[in-house]
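# Observations on chain architecture
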Amino acid sequence: MNKKDINNYIDKELNNFKFNRTSLGYKYLKIAIKNGIKDELLIEDLNNRLYKKMEDELNIDKKKIKWNIEKSIEVMFINTDIKYVTHYFYIEDNERVTPKLFITTIVENYFR
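Residues numbered from 1 in each chain as written. Predicted model: local features only at pLDDT ≥ 70, side-chain atom pairs only at ≥ 80, totals over all residues. Heavy atoms only, no water.

Applying the stated rule across the entire model yields 12 aromatic pairs. A ring pair is formed by Phe17 and Phe19, whose centres lie 6.3 Å apart and whose planes are at 75°; its orientation type is edge-to-face. The same class applies to Phe17 and to Phe19, which are both buried. An angle of 65° between the planes, with centres 4.9 Å apart, marks the rings of Tyr88 and Phe89 as edge-to-face. No difference in accessibility class separates Tyr88 from Phe89, as the two residues are buried. Every member of this aromatic cluster is reached through a ring pair, and the members are Phe17, Phe19, Tyr26, Tyr84, Tyr88, Phe89 and Phe102. (Phe/Tyr/Trp six-rings, centres within 6.5 Å; stacked < 30°, edge-to-face > 60°. Buried < 20%, exposed > 50% of the residue type's maximum accessible area, 1.4 Å probe, protein only.)

This is how it looks when you write it as structure tokens:
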């Protein structure tokens, strides 16, 4: 797929969840997913590969990137219907969606 198709796919998938679309975390999450689609090796180690790549590209500390993505996913988890979230990520009601699970699932679904 080309760049436009990747962006459309990411927007389509993220529109299924109730994110604050104006937050930095949402912006970073979209970039993280796009980077993961372009290079799947990055999602094997979010901290040392994916966030590091984003840190270098955006000139922002990877700890801030990670924190913003985590907070964005937490808000989404609170605002999105729990049945949809558990079905989409194959988790139990009492489990949380981590950035690793979220990003990996979205990236892997792209290639299905």
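Quick look at the side chain of Ser72 now. Looking at where Ser72 falls in the secondary structure, it is placed in helix H4 (residues 62–79). Sequence-distant contacts of Ser72, defined by excluding residues within four places in its chain, comprise Phe19, Ser23, Gly25 and Tyr26. (Helix = DSSP H or I, 4+ residues; strand = E, 2+ residues; numbered from the N terminus. Contact = heavy atoms within 4.5 Å.)

Take the side chain of Lys62 next. Looking at where Lys62 falls in the secondary structure, it is placed in helix H4. One buried charged side chain, Lys62, makes no salt bridge at all; its nearest oppositely charged neighbour is Glu55, positioned 5.3 Å away. Non-local contacts of Lys62, meaning those with residues more than four positions away in its chain, are made with Asn47, Asn48, Tyr51, Lys52 and Glu55. (Lys, Arg positive; Asp, Glu negative; His and termini not counted. Salt bridge = Lys/Arg side-chain N within 4 Å of Asp/Glu carboxyl O.)

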